[in-house]
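# Observations on the three-dimensional arrangement
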There are 4 protein chains.
Amino acid sequence: MSGDRFYKYRFENDYSELAHPDVLNALSAAGTSQFGSYGLDEYSIRAGDLIRRRIDNPAAEVHFVSGGTMANLVVLSSILRPHEAVIAPGGGHIFVHETGAIEATGHKICTARGVNGKILPDEIEAIVSEHTDEHMVVPRVVYISQASEAGTVYTKTELTEISRCCRNNGLYLFLDGARIGAAINSGACDLSLADTAGLTDVFYIGGTKNGALFGEAVVICNESLKADFRHLMKQRGALLAKGAVIGLQFEALFSDGLFDRLAKHACAMARKLADGFSSAGYDLHYPMEANMVFPVLPSGVAKKLHDLYSFHDWEYLGDLTAVRIVASWATPEYAVDDLLADLADYT
Amino acid sequence: MSGDRFYKYRFENDYSELAHPDVLNALSAAGTSQFGSYGLDEYSIRAGDLIRRRIDNPAAEVHFVSGGTMANLVVLSSILRPHEAVIAPGGGHIFVHETGAIEATGHKICTARGVNGKILPDEIEAIVSEHTDEHMVVPRVVYISQASEAGTVYTKTELTEISRCCRNNGLYLFLDGARIGAAINSGACDLSLADTAGLTDVFYIGGTKNGALFGEAVVICNESLKADFRHLMKQRGALLAKGAVIGLQFEALFSDGLFDRLAKHACAMARKLADGFSSAGYDLHYPMEANMVFPVLPSGVAKKLHDLYSFHDWEYLGDLTAVRIVASWATPEYAVDDLLADLADYT
Amino acid sequence: MSGDRFYKYRFENDYSELAHPDVLNALSAAGTSQFGSYGLDEYSIRAGDLIRRRIDNPAAEVHFVSGGTMANLVVLSSILRPHEAVIAPGGGHIFVHETGAIEATGHKICTARGVNGKILPDEIEAIVSEHTDEHMVVPRVVYISQASEAGTVYTKTELTEISRCCRNNGLYLFLDGARIGAAINSGACDLSLADTAGLTDVFYIGGTKNGALFGEAVVICNESLKADFRHLMKQRGALLAKGAVIGLQFEALFSDGLFDRLAKHACAMARKLADGFSSAGYDLHYPMEANMVFPVLPSGVAKKLHDLYSFHDWEYLGDLTAVRIVASWATPEYAVDDLLADLADYT
Amino acid sequence: MSGDRFYKYRFENDYSELAHPDVLNALSAAGTSQFGSYGLDEYSIRAGDLIRRRIDNPAAEVHFVSGGTMANLVVLSSILRPHEAVIAPGGGHIFVHETGAIEATGHKICTARGVNGKILPDEIEAIVSEHTDEHMVVPRVVYISQASEAGTVYTKTELTEISRCCRNNGLYLFLDGARIGAAINSGACDLSLADTAGLTDVFYIGGTKNGALFGEAVVICNESLKADFRHLMKQRGALLAKGAVIGLQFEALFSDGLFDRLAKHACAMARKLADGFSSAGYDLHYPMEANMVFPVLPSGVAKKLHDLYSFHDWEYLGDLTAVRIVASWATPEYAVDDLLADLADYT
């Protein structure tokens with residue numbers, strides 16, 4: 001159980017700390033004032049308004065759910081008829097790391113190989129054209145992650161092409177934005193939240209990995225996907241009795257630029273880590289474009305670092321190991337410096 | 001949208017306030033220290049230990065989930081094979097107010113009429129004996145709520161009989177304890193948490209309705225129901241990345257008697273309300289045994305109260321309306337006094 | 001196991017004999033000629049055309065499935081979004097006798113009490129008006145059986161009112177016609193197949209209980225319910241590789257009036273039984289309107305008849321037992337005479 | 001619609017003809033004698049006994065269902081808990097050609113590449129060892145087809161190794177025997193039905209593709225998989241009211257060696273086709289081991305053959321096309337001769 005183990009620092013993910021103090025203070029400040037239940041409260045309403053303003057879409061629906069798997073399963077099962085399927089990159093979170101959550105709602109995931117964690121329009125079209133008759137599922141949604149599982153980002157050109165491909169093929173586009181904060185604040189990505197809203201049918205903005213205790217904001221842009229979404233949330237256990245708890249946190253994140261400030265910090269720490277690994281002569285398994293770095297290390301070096309820091313091995317490549325180092329809104333610069341110094345010692 | 005409306009006080013439920021200050025302080029105190037993910041953190045471990053000690057069952061498994069519907073659907077779908085069903089009282093939360101959450105996992109709910117919101121062993125046996133062949137589902141679990149939806153409580157004698165009935169009929173017993181704090185602290189109930197654990201196969205302890213931001217502690221007592229429960233949680237979106245957020249709250253609730261203290265307050269306020277309604281000459285639709293009062297008022301009186309206080313109409317009975325008034329850990333005594341004073345004015 | 005037991009005659013259902021000789025001959029005549037697979041064959045096409053002509057709706061889609069439970073689950077799951085539900089009479093086949101088949105596709109069944117097995121428009125409206133918010137399912141389809149489980153039939157007036165009620169409330173109307181042959185040929189019903197098609201959104205015509213080896217013809221009248229129905233059939237295992245087997249049988253049933261001739265015989269035998277029971281002084285539990293008779297017998301008399309004939313006890317009423325006696329297309333008149341003679345002996 | 005098109009002969013599958021005359025005669029001979037419903041009839045009981053004797057396992061349970069997709073989905077959903085998954089070869093029928101039937105019951109399919117359509121024990125172990133924690137599904141069943149989708153067969157050595165691998169890894173082994181008749185009668189396979197029963201936990205014997213109108217016999221060998229199987233069948237619409245229709249056909253198939261005789265004929269015709277293609281200088285895409293031949297033809301030749309015969313293109317390989325030619329119990333030798341003669345003309 002990882003609770004017992006000491007580490008100089010945990011680089012294993014971006015959810016190892018509770019929440020940013022501004023978020024916690026907002027919760028404490030609310031005290032015991034009363035509010036409406038199940039997300040029909042003033043905090044959630046204001047948070048929704050802040051997001052609608054930010055994406056410049058006053059008609060968008062904003063719903064708050066507790067986590068990413070929940071967002072994925074509620075959104076996808078709300079769209080698909082029983083015989084319809086979702087297209088995703090093969091390493092996509094929904095395919096590998098959600099314990100069959102989408103299949104548990106009855107739907108198949110059709111996967112494409114992708115490049116650096118990102119799916120290509122040609123792959124989408126190939127999948128559509130293979131599914132020709134009633135003996136096969138009908139792909140109806142494309143699921144992508146921004147940033148991707150490989151820590152890369154879709155550019156405006158790339159997302160525009162995928163969006164067009166979806167429209168041409170009668171597919172909805174759903175963007176998992178668990179790390180969209182890091183993506184749009186990384187410098188590698190020329191897409192704003194508003195651009196994202198304009199190019200997708202539904203997406204979500206991750207709070208869990210960017211300073212909140214927990215919570216994701218599902219944003220529904222396409223009118224035809226709005227009907228009865230709260231019913232679907234309730235059915236899946238996604239409608240918190242005190243929905244205000246998430247609304248209040250998103251209000252804090254989207255006031256005074258906190259959301260972007262936290263993401264920028266995570267990206268800066270990742271950049272420093274990436275530069276450090278490169279300077280030390282190590283290749284990166286994927287381009288560093290958000291808040292995750294995938295250096296390829298001699299397995300002996302990786303092993304020594306594991307004694308001091310927590311992080312995941314990503315792929316074994318003969319004598320080398322590609323590892324995943326994640327920086328977060330809370331990562332202190334000294335932790336980065338420590339890791340790079342220890343790395344220098346081992347090299 | 002109820003967010004906009006002013007009320008002197010909301011008596012509509014026991015989740016209209018964020019959380020008790022001790023809970024919020026515990027969150028703030030955790031600061032940015034790092035912890036293991038997905039519930040494998042020191043807070044959750046300590047909270048589990050506190051609960052295991054409290055129920056005197058060191059082998060019990062404790063899992064934290066975000067809310068009651070989630071607890072219900074994960075637990076039930078983890079137990080049942082596809083053709084198996086759950087027996088519940090007709091007014092049970094899972095049958096009426098969870099948007100078909102259990103059916104969405106593939107299972108039928110067989111309902112009994114019950115008395116004052118509580119199911120009777122005879123009813124359970126009748127349902128079992130009606131389901132005789134392969135053209136009908138096989139009942140496998142009995143679901144009850146403590147306190148019930150009618151605000152009543154099962155006594156030790158009653159729960160023991162239901163428990164025995166379940167064992168005799170090859171049924172598991174699952175107790176929804178969203179309001180178990182109020183139940184065991186009401187004075188009307190002679191069951192402790194330890195008694196409850198001893199008489200059920202799995203139950204949960206509600207935090208959402210007793211001082212936490214959110215969160216329920218699922219306690220699995222029966223060895224045969226423990227396998228792979230975390231897998232099932234993950235699949236349904238119940239495994240929070242920062243599981244520590246709930247663990248930490250339950251650690252606060254089960255330290256220094258906070259959990260019981262809060263519940264006792266809710267019950268005391270409900271008792272004062274019940275006595276007030278009775279003194280004013282109104283019948284109670286159900287016996288007042290936890291933190292909910294169901295006075296039967298002339299509909300005109302109910303209507304006037306609705307202008308000042310939020311609460312639900314429960315049942316229309318000719319010119320009378322049975323209403324539901326809920327007291328919580330946060331209900332100030334002055335709000336109770338105000339309501340009773342206004343009632344006196346209307347009578 | 002009922003395979004071993006001798007009976008003078010089985011009155012337990014209308015599927016105790018294989019198939020009418022004309023149906024078996026049609027199968028034999030097809031020999032080893034080749035045909036297209038999965039229902040895309042000339043027999044199925046001709047059978048579909050015969051049905052479309054009969055209901056006077058050239059645009060109707062006709063699909064053949066193997067049985068009633070399959071028809072019910074494919075049709076309902078094709079229509080409903082996850083949070084939507086079906087309204088049915090409480091004794092409806094889908095609620096009691098299909099082992100949770102509809103719930104297994106994720107959907108709740110909302111039941112009404114009904115009168116003589118038939119649901120009333122007022123009951124439908126009451127259910128709709130109770131389901132007001134996102135904590136409850138959304139009723140979207142009404143399911144009725146013609147003839148009903150009680151052997152009664154909806155008249156044109158009754159079906160027209162239900163149909164109007166559905167349209168006014170945004171509900172689809174799905175009619176289970178496992179016994180529609182008996183219903184429309186009973187004399188008690190003034191509805192033709194064409195009338196039925198005009199008043200429902202989708203219905204099916206039962207072959208299993210009216211002379212076929214097996215098979216039901218699902219008829220989709222409402223344009224918006226036609227999309228991808230074959231995909232949905234395939235997914236549920238309803239698309240037989242040799243769909244021609246069912247098409248061919250329906251071609252035989254709908255040529256030369258066989259379908260109606262067989263149903264008329266069943267109804268005539270039921271009428272004779274009903275008259276016999278009445279003459280002998282027994283009440284009927286439900287009006288006799290199709291091919292099922294529900295006489296109320298002293299339990300001792302029922303017991304003696306059970307020694308010689310197979311039939312189901314329907315309801316125990318003190319010292320009396322309402323039993324269900326079913327006549328089929330194959331019931332010989334001598335069997336009816338025998339039973340009535342034996343009854344006379346016991347009385 | 002393929003119903004309209006003329007072909008000299010259909011080689012597209014092994015279910016283009018209705019049924020063998022002996023099967024049809026058995027149906028006709030049953031006349032209007034009465035029998036028990038839902039598979040509890042003398043025909044089904046005798047057919048089950050014939051199969052139990054054939055596999056030398058008196059305790060095996062035998063259930064008759066209408067088709068292969070149905071067999072697959074009922075069996076798999078009866079075994080798996082919600083978070084459990086099935087391992088299958090990537091080209092397996094359940095993964096590609098059943099419109100997500102398994103996912104519709106809530107379960108993920110984990111695929112392996114396989115060799116010539118057959119999965120390898122190493123691949124099974126690799127999949128098991130990748131699924132390590134609660135963020136991933138738990139593989140619990142291995143699904144294989146005998147013969148495989150590539151028309152190849154598992155030998156006794158191969159099946160024994162897979163069986164041992166399953167036991168070592170806590171996996172059940174389920175064998176789809178839609179074409180097991182052809183497999184065991186092909187000469188390429190040294191496994192009997194009894195061997196198959198001994199090495200698997202559950203398998204089925206295909207009737208649809210070997211002379212029956214329709215129907216598969218599910219054989220459950222493992223005691224722990226027998227509970228409530230008829231409930232599960234009923235729930236999925238697999239329990240035919242006149243189950244006797246399938247039992248009677250299997251009784252005919254397993255009397256007087258009909259089942260094997262028909263399969264042998266199909267294999268002999270496939271052998272003649274394979275030899276003909278080889279003699280004409282064409283490679284076979286997979287070894288010819290049952291009743292399907294996959295010659296690799298110049299695409300122009302394939303196109304010309306398509307004008308006269310129906311068959312499927314399997315894979316496009318530059319200027320070549322691997323096609324699938326299927327022989328059945330009904331394929332007349334002259335049709336094989338015709339095709340080979342036409343082939344000679346085109347070459």
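Residues numbered from 1 in each chain as written. Chains lettered and ligands numbered in written order. Predicted model: local features only at pLDDT ≥ 70, side-chain atom pairs only at ≥ 80, totals over all residues. Heavy atoms only, no water.

## A word on the interface of chain B and chain C
Each partner contributes to the interface: chain B provides 16 residues, whereas chain C provides 16 residues. Summed over both partners, the interface of chain B with chain C comes to about 1400 Å²; 54% of that surface belongs to carbon and sulfur atoms. When the area that chain B buries against chain C is broken down by residue, the three leading residues are B:T99, B:E103 and B:K108, summing to 40%. Remark: the boundary between chain B and chain C carries 2 salt bridges. Where chain B touches chain C, the interface holds 11 residue pairs in polar contact (both at pLDDT 80 or more). When contributions to the side of chain B that touches chain C are tallied by element, the ones reaching two or more residues are helix 4 (93-96) and helix 5 (101-104) of chain B. (Contact = heavy atoms within 4.5 Å. Buried area = accessible area lost by both parts, 1.4 Å probe. Salt bridge = Lys/Arg side-chain N within 4 Å of Asp/Glu carboxyl O. Polar contact = N/O pair within 3.5 Å; in protein donor to acceptor, adjacent residues only side chain to side chain. Helix = DSSP H or I, 4+ residues; strand = E, 2+ residues; numbered from the N terminus.)

## Concerning the interface of chain B and chain A
Facing 54 residues of chain B, the contacting portion of chain A comprises 54 residues. Across the chain B/chain A interface, buried area totals approximately 4600 Å², and carbon plus sulfur atoms make up 61% of it. On the chain B side of the contact with chain A, B:L18, B:Q34 and B:K242 bury the most area, a combined 16% of that side's loss. Taken together, the links from chain B to chain A amount to 0 salt bridges. In this assembly, chain B and chain A are joined by 22 residue pairs in polar contact (both at pLDDT 80 or more). Counting residues per element, the ones that place at least two in the side of chain B that touches chain A are strand 1 (9-10), helix 1 (21-30), helix 2 (42-55), helix 3 (68-79), helix 5, helix 10 (229-235) and helix 11 (244-253) of chain B. It is helix 1 of chain B that provides the largest number of residues to the side of chain B that touches chain A, a total of 4 residues. The class makeup of the residues in the side of chain B that touches chain A is 24 nonpolar, 21 polar and 9 charged. (Nonpolar A, V, L, I, M, F, W, Y, C, P; charged D, E, K, R; others polar.)

## Details of the nonpolar core
Core analysis: the biggest nonpolar cluster contains 134 residues, and C:I205 and D:I205 have the highest contact counts within it. The residues contacting D:I205, other than those within four sequence positions of it, are D:I51, D:G177, D:I180, D:L193, D:E216, D:A217, D:V219, D:F250, D:F254 and D:F259. If you look at the next biggest cluster of nonpolar residues, it comprises 133 residues, including A:A183, B:I119, B:L199 and B:L240. (Core = buried A, V, L, I, M, F, W, Y, C linked by side-chain atoms within 4.5 Å. Buried < 20%, exposed > 50% of the residue type's maximum accessible area, 1.4 Å probe, protein only.)

## Structural notes on the sheet that holds strand 8 (residues 216-220) of chain D
Residue and element names in this part refer to chain D. Within the open sheet, the 7 strands sit side by side as 2-8-7-6-5-3-4. Their pairing is mixed. Only two strands of the sheet have a single neighbouring strand rather than two, namely strand 2 (61-65) and strand 4 (109-112). For this sheet the average axis-to-axis angle between neighbouring strands, irrespective of direction, equals 25 degrees. Sheet topology note: the strand 7 (residues 202-206)/strand 8 ladder contains 5 bridges and is antiparallel. Bridge pairing links F203 to V219 in strand 8. Each of strand 2, strand 7 and strand 8 is contacted by helix 2 (residues 42-55), which is oriented at about 125 degrees to strand 2, the strand it contacts most. Packed onto the sheet, helix 11 (residues 244-253) meets strand 2, strand 7 and strand 8 and runs at close to 115 degrees relative to strand 2. (Pairing = 2+ DSSP bridges. Axes fitted to C-alpha atoms, helices over the stretch in contact; angles between N-to-C directions.)

## Brief notes about the pairing of strand 7 (residues 202-206) of chain A
All names here are of chain A. Here strand 7 lies mainly inside the structure; 5 of its 5 residues are buried. Here strand 7 shows a buried face lined by V202, Y204 and G206 and a second buried face lined by F203 and I205. Pairing analysis gives 2 bridges linking strand 6 (residues 172-176) to strand 7, with the strands arranged parallel. When the bridges of strand 7 are listed, F174 appears paired with V202.

## Section: the packing of helix 12 (residues 258-279) of chain D against helix 14 (residues 333-346) of chain D
Each packed pair of helices is defined by two parameters, the angle between the axes and the distance between the axes. Residues and elements named next belong to chain D. The geometry of helix 12 relative to helix 14 is characterised by a closest axis approach of 10 Å and an angle of 10 degrees between their N-to-C directions. Between helix 12 and helix 14, the angle is such that the two are roughly parallel. Residue-level contacts link M269, K272, L273, G276 and F277 of helix 12 to E333, V336, D337, L339, L340 and L343 of helix 14. (Parallel < 35°, antiparallel > 145°, perpendicular 65-115°, else oblique.)

## Details of the environment of C:Q146
Residues and elements named next belong to chain C. Tracing the backbone shows Q146 in the loop between strand 5 (138-145) and helix 7 (156-168). Exposure remark for Q146: the relative accessible area of 1% places this residue in the buried category. Through-space distance from the C-alpha of Q146 to that of L120 is 14 Å; in sequence the pair is 26 residues apart. Contact partners of Q146, with chain neighbours within four places excluded, come to T152, V153, Y154, L175, D176, G177, R179, I180, A183, C189 and L191. A distance of 2.9 Å separates the side chain of Q146 from the backbone nitrogen of Y154, its partner in a polar contact.

## Description of the packing of aromatic side chains
All names here are of chain A. A complete count under the given rule lists 50 aromatic pairs over all chains for this structure. Ring geometry for Y286 versus W314: centroids 6.3 Å apart, planes at 85 degrees, classification edge-to-face. Note that Y286 is positioned in the loop between helix 12 (258-279) and strand 9 (292-293) and W314 in strand 12 (residues 312-317), a separation of 28 residues in sequence. Among the aromatic residues, those joined into a cluster by ring pairs are F64, F250, F254 and F259. We note K118 situated over the ring of Y154; from NZ or CZ to the ring centre the distance is 5.8 Å. (Phe/Tyr/Trp six-rings, centres within 6.5 Å; stacked < 30°, edge-to-face > 60°. Lys NZ or Arg CZ within 6 Å of the ring centre and 35° of its normal.)

## Points about the relation of the copies chain B and chain A
To go from the first copy of the chain to the second, apply a rotation about an axis and then a shift along the same axis. Overlay of chain B on chain A (RMSD 0.0 Å): rotation 180 degrees, translation along the axis 0.0 Å. Viewed as a symmetry operation, the transformation between the two copies matches a two-fold axis. Mapped onto chain A, 100% of the interface residues of chain B are again interface residues, and the two copies thus contact each other with one and the same surface. (Least-squares fit on C-alpha atoms with pLDDT ≥ 70 in both.)

## Some words on the packing of helix 6 (residues 121-130) of chain B against helix 7 (residues 156-168) of chain B
Residues and elements named next belong to chain B. Relative to each other, helix 6 and helix 7 sit at 15 degrees, their axes nearing to 9 Å. With respect to each other, helix 6 and helix 7 are oriented roughly parallel. Helix 6 and helix 7 meet at a crossing whose hand is right-handed. Counted together, P121, I124 and E125 of helix 6 and E161, I162 and C165 of helix 7 form the full contact between these two elements. Residues that form the contact of helix 6 with helix 7 fall into these classes: 4 nonpolar, no polar and 2 charged. (Left-handed = near helix turned anticlockwise from the far one by under 90°.)

## What to know about the confidence of the model for chain A
Looking at chain A as a whole, the pLDDT averages 96, with 99% of positions reaching at least 70. Across the whole predicted complex the pTM is 0.96, and at the interface the ipTM reaches 0.96. (pLDDT = per-residue confidence, 0-100.)

## Some thoughts on the relation of the copies chain B and chain C
For the pair chain B and chain C, the relating rotation is 180 degrees, the translation along its axis is 0.0 Å, and the fit reaches an RMSD of 0.0 Å. The share of interface residues of chain B whose copies in chain C are also at the interface is 100%, consistent with both copies meeting through the same surface.

## Overview of unusual backbone geometry
Excluding glycine, most residues fall at negative phi; most peptide bonds, likewise, are trans. Here the amide bond leading from C:Q146 into C:A147 is cis, since omega sits at -10 degrees, within 30 degrees of zero. Tracing the sequence through the fold places C:A147 in the loop between strand 5 and helix 7. The backbone phi angle of B:D56 is positive, close to 60 degrees, even though this residue is not glycine. Along the chain, B:D56 falls in the loop between helix 2 and strand 2 (61-65). For D:D256, which is not glycine, the phi dihedral falls at a positive 55 degrees.

## Regarding the pattern of salt bridges
A side chain of one charge can pair with a side chain of the opposite charge if their charged atoms are brought near each other. Applying the stated criterion across every chain, the model contains 64 salt bridges over all chains. Of the charged contacts in the structure, one is a salt bridge between B:R54 and B:D260, with a shortest N-O distance of 3.0 Å. Within this pair, whereas B:R54 is found in helix 2, its partner B:D260 is found in helix 12 (residues 258-279), the two being separated by 206 residues in sequence. Its relative accessible area of 30% is what places B:R54 among the partly exposed residues. Assessed through its relative accessible area of 16%, B:D260 is described here as buried. The partner of D:E12 in a salt bridge is D:R10, and the shortest N-O contact between them spans 3.0 Å. Like D:E12, the residue D:R10 is buried in the burial classification. Sharing partners across several salt bridges, the network here consists of A:E42, A:R46 and A:E251.

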